[in-house]
Amino acid sequence: MRVCSIVGARPQFIKAAVVSRELRAVGEEVLVHTGQHYDEEMSDVFFDELGIPEPDFNLGVKSDTHGRQTAKMIAEIEPVVEETDPDVILLYGDTNSTLAGAIVGSKCDVVVAHVEAGLRSHNREMPEEINRVLTDHASDLCFAPSERAVDALASEGITEGVYWTGDVMYDSILEVRKRVADQSTVLDDLGLEAGEFILSTVHRQHNTDTRANLESILDALSDAPLPVVFPAHPRTIDRLEEYGLRERAEAELEIVEPLGYLDFVRLLDTAERIATDSGGVQKEAFFLETPCVTMREETEWTETVDAGWNELVGADADAIREALRGDRTPEETPEPYGDGKASRRIADILQRYVDAAESELAVEPLASD
C-alpha cells in the first residue's frame, strides 16, 4: 500500500504525526508539504517536535488569495501524484491544501480519503466550510471524528465509504500531554503560574480582516480578569499594524511569537481558560479540560458546546468579557471523539481497502470500526 499524505498547515502537521507512524508500520507513505504554512514557527518546529518524517516533496506554494493559492497547489500536486502513483491520497481537515488534494485525486482517478470528514459549521461564508464540504463529496473514504459527523454526511447523501474512527487529534494530545510537563519550559520562560493566565489566539479572516471585529476582541481581552498570553499569527500582526492597533495590543496583552506544539499544549493545559477563533484549539481545550471561549458565531465542534466546555460569543466585546469572567467548569467530560486509537483504525481501514481493491473485493463500511 502506498499512501500520498498531503499537509500544509499547523493542524494537519499535528494529525499527520500520529497517522504517519501507523501508516508506515503497514505500508509506504509519500508525504507532501504544500507550503501553505512555510516559516519556521508555523511549520518546521512542528515537524521537529512531533517527529514527523521529512516531507518527500515540499511544494513551496506559500500565501496568496484563496483561488490562486488553491490553483497553484493543484498544479504542483498533480505531477507528484503522477510520479509516485499512490493507491490513496490522504487529506486532513479543511484547508486549501485539503481541497487541492481532493480535486487532484478525483481528476487522476486515485482513491481520496478524508480525515475529519463530516464536520459542518453551516456557515458558507467561511472558506474552510466550503473546503470541507467539497472535499467530503469528492472523497471515496470519509473518516468521521464523531457520530454527529457521520449523521451530517448522511444528511448530504454520503453513506458509502463512511467510517466513524474517532479523532486523530485526541490521539496526538494523549501522546504529547505525557511529556510536555517535563520538556516544556514555557511557563518559566514567560513568568507564568498555572491557572493564573488566559491564553488567546485569533487568526480567522472574519475577525482579522474586519477592523471592528478585531478591535472589539482587543477591547474585551484588554479587560480580562487575568493576564492574556497572545501567540500572534502573522496575519493578525499584519492587521494590527494596518489598523494602527499594534502598539495598544502590545501594551495590554502579552504578545508572543507563534509557539511550537509542545509549548502551546503546555499553555493550553495550564491556562485558566482559552479565548480563540480556531476550530482545532477549541477541541484541544476540550481534550485538556480547559474552559473555552470561542470568538465565532458557530462551530463545527458542536459536541464541545453541548458538553458545557465551550461557549460561542462571536466578536462581541461584552459577550467575550462576560464569558471570560463567568464561573464555568463542567463536572463531567464526555468522549464523543473516540478512545485515542483513531490513527490505528485509519491505517487498518486503508490497508483493508487497498487489499480488497487489488483482489476486487468490497470493504463493508462499519459505523464504528
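What comes next concerns the included structure. (Residues numbered from 1 in each chain as written. Predicted model: local features only at pLDDT ≥ 70, side-chain atom pairs only at ≥ 80, totals over all residues. Heavy atoms only, no water.)

1. Some remarks on the side chain of serine 20
Which entries qualify depends on this criterion: Secondary structure elements are defined from DSSP: runs of H or I of at least 4 residues count as helices, runs of E of at least 2 residues count as strands, and each element is numbered from the N terminus. Here a polar contact is taken to be a pair of N or O atoms separated by no more than 3.5 Å, where protein atoms must pair a possible hydrogen donor with a possible acceptor and residues adjacent in sequence count only if both atoms sit in side chains. Two residues form a contact once any of their heavy atoms are found within 4.5 Å.
Tracing the backbone through its elements, the reader meets serine 20 in helix α1 (residues 10–26). Among the polar contacts made by the side chain of serine 20, one reaches the side chain of glutamate 29 at a distance of 3.0 Å. What serine 20 contacts, discounting residues up to four positions off in sequence, is Glu29 and Pro53.

2. Section: the packing of aromatic side chains
Between two aromatic rings, the relevant description is the distance of the centres plus the angle of the planes. Put simply, the rule is: Two rings from Phe, Tyr or Trp (for Trp, the six-membered ring) form a pair when their centres are within 6.5 Å of each other. A pair whose planes differ by under 30 degrees is stacked, one over 60 is edge-to-face, and the rest are tilted. Three exposure classes are used, based on accessible area relative to the maximum for each residue type with a 1.4 Å probe and protein chains only: buried under 20%, partly exposed in between, and exposed over 50%.
If you walk through the whole model with that rule in mind, you get 6 aromatic pairs. When the ring of phenylalanine 287 is compared with that of tyrosine 337, the centres are 5.9 Å apart and the planes differ by 90°; the resulting orientation is edge-to-face. Highlighted residues: phenylalanine 287 in helix α14 (residues 279–287) and tyrosine 337 in the loop between α16 (317–325) and α17 (342–358), separated in sequence by 50 residues. The pair formed by phenylalanine 287 and tyrosine 337 is uniform in burial state, with each residue classed as buried. Through a chain of ring-to-ring contacts, the aromatic side chains of Tyr170, Phe286, Phe287, Trp301 and Tyr337 assemble into a single cluster.

3. Notes on the nonpolar core
For clarity, the threshold we go by: Throughout, nonpolar core names a set of buried Ala, Val, Leu, Ile, Met, Phe, Trp, Tyr and Cys residues whose side chains join them through atoms within 4.5 Å.
Core analysis: the largest hydrophobic core is formed by 64 residues, its most contacted members being Leu90, Phe143, Leu199, Tyr261, Leu267 and Leu350. The dominant element in this core, judged by the number of residues it contributes, is α1, at 7 residues. Contacts of phenylalanine 143, omitting those with residues within four sequence positions, involve Leu90, Ala113, His114, Val115, Glu116, Ala117, Tyr163, Thr165, Ile346, Ile349 and Leu350. Counting residues in hydrophobic clusters, the runner-up holds 26 residues, among them Leu214, Leu240, Ala249 and Val313.

4. Some thoughts on the packing of helix α4 (residues 96–107) against helix α5 (residues 127–138)
Test applied: Structural elements are reduced to axes, namely lines fitted to C-alpha atoms, with helices fitted over the stretch in contact, and the angle between N-to-C directions of any two is expressed from 0 to 180 degrees. Should an angle fall under 35 degrees it is called roughly parallel, over 145 degrees roughly antiparallel, and 65 to 115 degrees roughly perpendicular, with every other angle called oblique. Crossings are assigned a handedness: left-handed for a near helix turned anticlockwise from the far helix by less than a right angle, right-handed for a clockwise turn. Under the scheme applied here, ten amino acids are nonpolar (Ala, Val, Leu, Ile, Met, Phe, Trp, Tyr, Cys and Pro), four are charged (Asp, Glu, Lys and Arg), and all others, including Gly, are polar.
Viewed as axis vectors pointing N to C, α4 and α5 meet at an angle of 25°, and their least axial separation amounts to 9 Å. Viewed along their axes, α4 and α5 adopt a mutual orientation that is roughly parallel. Considering how the two elements wind past one another, α4 and α5 form a crossing that is left-handed. Contacts from Asn96, Thr98, Leu99 and Ala102 of α4 reach α5 at Asn131, Leu134, Thr135 and Ala138. Within the contact of α4 with α5, the residues separate by chemical class into 4 nonpolar, 4 polar and no charged.

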